[in-house]
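# Understanding the architecture of this molecule
One letter stands for each residue in the lines below.
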Amino acid sequence: MQKTDIFERLCNGETILPNDPEAYKMREASYKTKELLAQMNNVTNPKEIRVLLSQITGTEIDESVAVFTPLYLNYGKNIKIGKNVFINFDCVFLDLGGITIEDNVLIAPKVSLLSEGHPLEPENRHALVPKPIHIKKNAWIGAGATILQGVTIGENSVVASGAVVSKDVPDNIIVGGIPAKIIKAI
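Quick summary incoming for the structure in this document. Here the residue numbering is sequential within each chain, running from 1 through the sequence in written order. In keeping with the predicted nature of the model, local features appear solely for residues at pLDDT of at least 70, side-chain atom pairs appear and are counted solely at 80 or more, and the whole-chain, interface and lining totals rest on all residues. Neither water nor hydrogens contribute to the side-chain values; these are computed over all heavy atoms in the structure.

## Here we look at the pairing of strand E5 (residues 91-94)
Rule in force here: For each residue, the accessible area found with a 1.4 Å probe, counting protein chains only, is set against the maximum for its type, and the residue is called buried under 20%, exposed over 50%, and partly exposed in between. Under the scheme used here, helices are H or I runs from DSSP no shorter than 4 residues and strands are E runs no shorter than 2 residues, and both carry numbers assigned from the N terminus. The pairing criterion for strands is at least two bridges between them, as found by DSSP.
Alternating residues of E5 divide into Cys-91 and Phe-93, all buried, and Val-92 and Leu-94, none buried. Bridge count for strand E2 (residues 71-73) against E5 is three bridges, and the pairing is parallel. Within E5, the residue paired with Leu-73 across the bridge is Phe-93. Direction of pairing for E5 relative to strand E8 (residues 112-114): parallel, over a ladder of three bridges.

Okay, structure coming up:
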């Protein structure tokens with residue numbers, strides 16, 4: 001019986017143990033992504049940035065998308081970016097668990113989208129636990145915010161600068177703080 005590819009298993013939310021026979025593929029893929037990132041983070045032409053990001057993600061990045069480099073990714077193939085998205089400087093996207101960014105999303109500088117984590121138990125800590133991040137239409141993620149694995153940011157919602165979001169944010173809500181809590185409805 002053939003096992004599903006490790007990247008499919010990650011997208012399906014399967015915990016990957018450190019001794020998984022395909023674990024090496026994650027590191028190999030990251031190094032390939034790093035080569036393209038080095039190029040992308042050293043060009044200034046917006047079209048060239050989109051072309052290289054398209055190669056990294058394996059999907060066409062719409063011409064309405066603006067990315068201010070540097071941008072740091074560990075894989076890239078599990079990122080989906082809609083139209084009219086703005087991604088500012090120094091963002092970190094760990095996407096082995098999947099990251100979806102819908103249309104008209106604003107992402108401020110130094111935002112971290114972390115779709116993967118580790119179990120709390122010390123004996124299992126080196127395992128990788130992937131869960132997708134979903135940022136819905138018209139959301140705004142403030143500078144230095146961190147969105148953790150498995151979180152959905154609702155349509156039109158705002159994540160305040162510096163917030164750490166570990167739970168879903170409903171539509172039309174502003175959240176802030178560590179851990180992020182609802183501040184008010186929009």
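Picking up where we left off.
## A look at the packing of helix H2 (residues 23-40) against helix H3 (residues 46-57)
The following threshold applies: Between N-to-C directions, angles cover 0 to 180 degrees, with each direction set by a line fitted to C-alpha atoms, over the stretch in contact for helices. For classification purposes, angles smaller than 35 degrees are called roughly parallel, those larger than 145 roughly antiparallel, those between 65 and 115 roughly perpendicular, and all remaining angles oblique. Every residue pair with non-hydrogen atoms within 4.5 Å of one another is taken to be in contact. Each residue is assigned to one class: nonpolar for Ala, Val, Leu, Ile, Met, Phe, Trp, Tyr, Cys and Pro, charged for Asp, Glu, Lys and Arg, and polar for all the others, Gly among them.
The contact between H2 and H3 brings their axes to 9 Å, and the two run at 175 degrees. Taken together, the axes of H2 and H3 lie roughly antiparallel to each other. Across the interface between the two elements, Thr-33, Leu-36, Leu-37, Gln-39 and Met-40 from H2 touch Ile-49, Leu-52, Leu-53, Gln-55 and Ile-56 from H3. Looking at side-chain class alone, the contact of H2 with H3 contains seven nonpolar, three polar and no charged residues.

## Re the packing of aromatic side chains
Just so we agree on the cut-off: For Phe, Tyr and Trp, rings pair up if their centres lie within 6.5 Å, where Trp contributes its six-membered ring, and each pair is then called stacked (planes under 30 degrees apart), edge-to-face (over 60) or tilted (otherwise).
Applying the stated criterion across every chain, the model contains three aromatic pairs. With a centroid separation of 4.6 Å and 0 degrees between ring planes, the pair formed by Phe-7 and Tyr-75 is classed as stacked. Linking Phe-7 in helix H1 (residues 6-11) with Tyr-75 in the loop between E2 and strand E3 (79-81), this pair joins segments that are 68 residues apart in sequence. Residue classification places Tyr-75 among the buried residues on the basis of a relative accessible area of 10%. Pairing Phe-68 with Phe-86 gives two aromatic rings, centres 4.9 Å apart and planes at 80 degrees, and the pair type is edge-to-face. With Phe-68 in the loop between strand E1 (66-67) and E2 and Phe-86 in strand E4 (residues 86-87), this residue pair connects regions lying 18 residues apart in the sequence. Taking the relative accessible area as the measure of exposure, Phe-68 reaches 36% and is therefore partly exposed. Aromatic rings pair up to connect Phe-68, Phe-86 and Phe-89 into one cluster.

## Digging into unusual backbone geometry
For residues that are not glycine, phi is negative in most cases, and the peptide bond is trans in most cases. Of the consecutive residues Thr-69 and Pro-70, the connecting peptide bond is found in the cis state with omega at 10 degrees. Residue position: Pro-70 is located in the loop between E1 and E2. Cis geometry is adopted by the peptide bond preceding Pro-179, which originates at Ile-178 and carries an omega value of -10 degrees. In this structure, Pro-179 sits in the loop between strand E17 (173-176) and strand E18 (181-185). Positive phi values are uncommon outside glycine, yet Asn-84 reaches one of about 55 degrees. Mapping Asn-84 onto the fold places it in the loop between E3 and E4. Even without being a glycine, Lys-110 presents a positive backbone phi close to 60 degrees. With respect to the secondary-structure elements, Lys-110 resides in the loop between strand E7 (106-107) and E8.

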